[in-house]
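# Report on the structure
Chain by chain, the residues:
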Amino acid sequence: MREREVGRGESMFALMRAVIAGVPRGKVITYGQVAEKAGFPKAARQAVWSLRDAKGLPWHRVVAAGGRIALPGEKGLDQRLRLEMEGVTFRGGRVRMDAHEWKGKAR
DNA sequence: TCCGTGACGCGAT
DNA sequence: CATCGCGCCACGG
């Protein structure tokens, strides 16, 4: 019963998905934060895997550090559009993290 | 088992 | 501010 009860990645992704699912409309979170909140401060890349298997998760609310849209091509354009629809504002191609960064339940 | 890959992060140049 | 390089972590061939 410790924090490292992972053993196999399965629960790791489950934790990350839970974090992502908890991001409210109009807010965004970075890959690094997803990993951190899930208990894996250095597994930003694994956050990507959890999105690969998104299935109903608000994947568009997950961006790269600094509010950058990491998803390339049309997908990235789609993500930006979805975020703007939720009221998220941008500044030079980046999400204004100072205004939309999800800091946890303290809303 | 070794190697390459990826919607990453961050410091250095 | 734009790029590059290195570190991290789990997966698939």
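Below you will find a few notes about this structure. (Residues numbered from 1 in each chain as written. Chains lettered and ligands numbered in written order. Predicted model: local features only at pLDDT ≥ 70, side-chain atom pairs only at ≥ 80, totals over all residues. Heavy atoms only, no water.)

## What to know about the protein's contact with DNA strand C
Which entries qualify depends on this criterion: Only heavy atoms are used to decide nearness, and a residue is near a molecule or strand if one of them lies within 4 Å of it. Pairs of N or O atoms within 3.5 Å make up the polar contacts considered here, provided that, within protein, one atom can donate a hydrogen while the other can accept it, and that residues adjacent in sequence are counted only when both atoms are side-chain atoms. The secondary structure listing takes helices from DSSP runs of H or I that are at least 4 residues long and strands from runs of E that are at least 2 residues long, numbered from the N terminus.
Neighbouring DNA strand C are the residues Met12, Lys42, Arg45, Gln46 and Trp49. Of all atoms in DNA strand C that approach within 4 Å of the protein, 45% are sugar or phosphate atoms. Within the side chain of Arg45, a nitrogen or oxygen atom sits 3.0 Å from a base nitrogen of DNA strand C. Contact distances for DNA strand C include 2.9 Å between a sugar or linking oxygen and a side-chain N or O atom of Gln46. Sort the elements by how many residues they give to the surface near DNA strand C and helix α3 (residues 44–52) lands first, with three residues.

## Observations concerning the side chain of Arg61
Going by this rule: For the exposure calls, accessible area comes from a 1.4 Å probe over protein chains only, and a residue counts as buried if that area is under 20% of its type's maximum, exposed if over 50%, partly exposed in between. Contacts: residue pairs with any heavy atoms within 4.5 Å of one another.
Along the chain, the position of Arg61 falls in the loop between α3 and β2 (62–63). Using a relative accessible area of 11% as the deciding quantity, one classes Arg61 as buried. Here Val23 takes part through its backbone oxygen, which lies 2.8 Å from a polar atom of the side chain of Arg61. Residues within four places of Arg61 in sequence aside, it is in contact with Val23, Pro24, Arg25, Lys27, Val28, Ile29, Gln79, Leu83 and Glu86.

## Quick notes on the packing of aromatic side chains
Rule in force here: When two rings of Phe, Tyr or Trp (its six-membered ring) have centres within 6.5 Å they constitute a pair, described as stacked for plane angles under 30 degrees, edge-to-face for angles over 60, and tilted for the intermediate range. Put simply, a charge is over a ring when the Lys NZ or the Arg CZ is close to the ring centre, within 6 Å, and near the line of the ring normal, within 35 degrees.
What the rule picks out here adds up to zero aromatic pairs. Over the aromatic face of Phe90 sits the side chain of Arg80, whose NZ or CZ is 4.3 Å from the ring centroid.

## Here we look at α3
The criterion, for reference: Each direction from the helix axis to a C-beta atom contributes to the arc, which is the arc of those directions.
Turning to α3, its buried residues number three or more, namely Ala47, Ser50 and Leu51. Buried residues of α3, seen end-on, are gathered within an arc of 100° and therefore sit on one face of the element. The exposed residues of α3 that point more than 90 degrees off its buried face are Arg45 and Arg52.

## Description of the protein's contact with DNA strand B
Around DNA strand B sit 15 residues, and of these Tyr31, Arg45, Trp49, Ala65 and Ala70 come closest. In DNA strand B, the atoms that sit within 4 Å of the protein are 40% sugar and phosphate, with bases accounting for the remainder. The backbone of Gly32 places a nitrogen or oxygen atom 3.3 Å from a phosphate oxygen of DNA strand B. Arg45 is positioned with one of its side-chain polar atoms (N or O) 2.6 Å from a base nitrogen of DNA strand B.

## A word on the packing of helix α2 (residues 31–38) against α3
Selection rule: Every axis in this analysis is a line fitted to C-alpha atoms, fitted for helices over the stretch in contact. Angles between the N-to-C directions lie between 0 and 180 degrees. Under this scheme an angle from 65 to 115 degrees is roughly perpendicular, one under 35 degrees roughly parallel, and one over 145 degrees roughly antiparallel; angles in between are oblique. Amino acid classes used here: Ala, Val, Leu, Ile, Met, Phe, Trp, Tyr, Cys and Pro are nonpolar; Asp, Glu, Lys and Arg are charged; the rest, including Gly, are polar.
As a packed pair, α2 and α3 sit with axes 7 Å apart at the nearest point and diverge in direction by 95°. The orientation of α2 relative to α3 falls into the category roughly perpendicular. Counting all contacts with α2, which are made through Tyr31, Gly32, Val34 and Ala35, the residues of α3 involved are Ala44, Ala47, Val48 and Leu51. Residues belonging to the contact of α2 with α3 are distributed by class as follows: seven nonpolar, one polar and no charged.

## Observations concerning the nonpolar core
Formally: Joining through side-chain atoms within 4.5 Å is the link that ties buried Ala, Val, Leu, Ile, Met, Phe, Trp, Tyr and Cys residues into a set, and such a set is a nonpolar core.
Counting 19 residues, the largest nonpolar core has Met16, Ile29, Val34 and Val62 as its most contacted members. Put simply, the parts of the chain that give this core at least two residues each are α1 (9–21), α2 and α3. The contacts of Ile29, once residues within four sequence positions are left out, are Val19, Val23, Val34, Lys37, Arg61, Val62, Val63 and Trp102. Judged by nonpolar contacts, the second largest core, of eight residues, contains Ile69, Leu83, Val88 and Phe90.

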